[in-house]
Amino acid sequence: MQNLPIPEKRKPWTRRQLLQLGLAGGVGVTGAALGLQTLSAKLLPQVKIPPLPGDTPDGGNGINPLQVLRDFDYGTVKRENGRTLREFRITAKTSTLQLNSAVTFNTWNCNGRVPGPTLRAKEGDRIRVLFYNQGGHSHSLHFHGTHPPEADGVKPIANGKATIYEFDAEPYGVHLYHCHVEPVTRHIGKGLYGMFIVDPPGGRKPADEMVLIMAGYDINDDNRNELYAFNGLPDYYHHHPIPIYKDQLIRLYVLNMIEYDPAATFHLHANFFDVYRTGMTLTPSETSDVITMGTAERHILEFSYRYPGKYMFHPHQDIIAQNGCMGLLEVLNV
């Protein structure tokens, strides 16, 4: 595929242009297997991943939070101008999510899921994001990290239009992306967000890696959250514990995307974790069993469990935990 031109002065692409370039078709991303091989082939043989329980439900959108945990999107991998290019396709959509037996929620989302796909690259890769808005409202994608202003994603893209964001993956760490159309709090609260991981050039030591994104749901439009969740669905990991193996290093990429609440904590029961703040270091800054994060803060937490059994994790604000942000780790013998 030839290098695609950037729309002049961030002018949105028309559907005809997209069709000519092959961007207006399905939103599936190919090349994930190649990306996985490129970034982490050395890690996989050394890490054992427990099988996931069968027949676990989703929220009506085909996305199972147990699968979201370890689902990393490495994009379509190419070589352009002597360097690695990772191309991602993201479509803003509107769809209904079944939060519990009594509550459905009309989400604005990326690729039909909340949270959006976890994008992953290595520091120095070239990133190209093909963004197509089918969400019924104006949306955009703003990436945290370092990039030129034309890739900052603050300009609204009208429904039915598209654009391309292109930038270098830097610095390494745990970042995020989200819609930046006003009111930003509402667009994020409706589900337009996801994690963006940039790995250091030499990678990290082998671990069972998982993503946990905390979020809130304002279900009655009063600018307050009534429900909360890890990875999209309230209480999912409480009813369907996350299996992990005893004595194996766990690496959690934790992101707080709870709007309307100024901060949230993350607490791990019967254990302590090493904290790598914003993921921008290879040595831990501290060790704790609870950490406080404002909205959009994120960290890497590493730990392992000595004893089999079930252990809680949750924010230490009871109202957040009791209303959906509660989970269990089930530690298994290898």
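Please refer to the structure higher up on the page.
The rules behind these values
- Residues numbered from 1 in each chain as written.
- Predicted model: local features only at pLDDT ≥ 70, side-chain atom pairs only at ≥ 80, totals over all residues.
- Heavy atoms only, no water.
- Salt bridge = Lys/Arg side-chain N within 4 Å of Asp/Glu carboxyl O.
- Helix = DSSP H or I, 4+ residues; strand = E, 2+ residues; numbered from the N terminus.
- Buried < 20%, exposed > 50% of the residue type's maximum accessible area, 1.4 Å probe, protein only.
- Core = buried A, V, L, I, M, F, W, Y, C linked by side-chain atoms within 4.5 Å.
- Contact = heavy atoms within 4.5 Å.
- Phe/Tyr/Trp six-rings, centres within 6.5 Å; stacked < 30°, edge-to-face > 60°.
- Lys NZ or Arg CZ within 6 Å of the ring centre and 35° of its normal.
- Pairing = 2+ DSSP bridges.

I keep staring at the pattern of salt bridges and nothing clicks. Help me out?
Once their charged atoms are close, side chains differing in charge can pair, the charge on each being opposite to the other. In the structure shown here, the tally under the stated rule is 17 salt bridges. A salt bridge links Arg-70 to Asp-208, with the nearest nitrogen and oxygen atoms 2.8 Å apart. Placement of the pair is Arg-70 in the loop between α3 (65-68) and β1 (72-73) and Asp-208 in strand β11 (residues 208-217), with a sequence separation of 138 residues. The shortest N-O distance in the salt bridge between Arg-277 and Glu-286 comes to 2.9 Å. When its relative accessible area of 31% is taken as the criterion, Glu-286 is described as partly exposed.

For this particular structure, what's the right way to read the nonpolar core?
The tendency in soluble globular proteins is for nonpolar side chains to be buried side by side. By size, the foremost hydrophobic cluster in this structure holds 58 residues, and its most contacted members are Leu-212, Tyr-237, Ile-242, Leu-252, Phe-266 and Phe-313. Looking at this core element by element, the count peaks at seven residues for β11. Beyond its immediate sequence surroundings of up to four residues, Ile-242 is in contact with Leu-66, Leu-69, Met-210, Leu-212, Tyr-237, Phe-313, Leu-328, Leu-329 and Glu-330. The next biggest cluster of nonpolar side chains, apart from the first, holds 24 residues, and it includes Ile-157, Tyr-165, Tyr-172 and Phe-196.

Looking at this model, I keep getting lost on the packing of aromatic side chains. Mind explaining?
Remark: the centre distance and the inter-plane angle together describe each pair of aromatic rings, the angle taken between the planes. Under the criterion given, the structure shown has 15 aromatic pairs. Judged by centre distance (6.5 Å) and plane angle (45 degrees), the ring pair of Tyr-237 and Phe-313 falls under tilted. Taken as a pair, Tyr-237 in helix α5 (residues 236-239) and Phe-313 in strand β20 (residues 309-314) lie far apart in primary sequence, 76 residues in all. Since its relative accessible area comes to 1%, Phe-313 is described here as buried. Every member of this aromatic cluster is reached through a ring pair, and the members are Phe-230, Tyr-236, Tyr-237, Phe-266, Phe-273 and Phe-313. In this structure, Arg-120 is placed above the aromatic ring of Phe-72, and the distance from its NZ or CZ to the ring centre is 4.7 Å.

Can you walk me through the sheet that holds β1 in this structure?
Sheet strands line up and pair through hydrogen bonds in the backbone, either parallel or antiparallel. If you walk across this open sheet you meet the five strands as β1-β5-β10-β9-β7, and the pairing is mixed. Of all strands in the sheet, those with a lone pairing partner are β1 and β7 (142-143), marking the two edges. Note that strand β9 (residues 173-178) and strand β10 (residues 193-199) share six bridges and pair antiparallel. Within the sheet, the bridge partner assigned to Val-174 lies in β10 and is Ile-197.

Read these as spatial facts, not as claims about activity.
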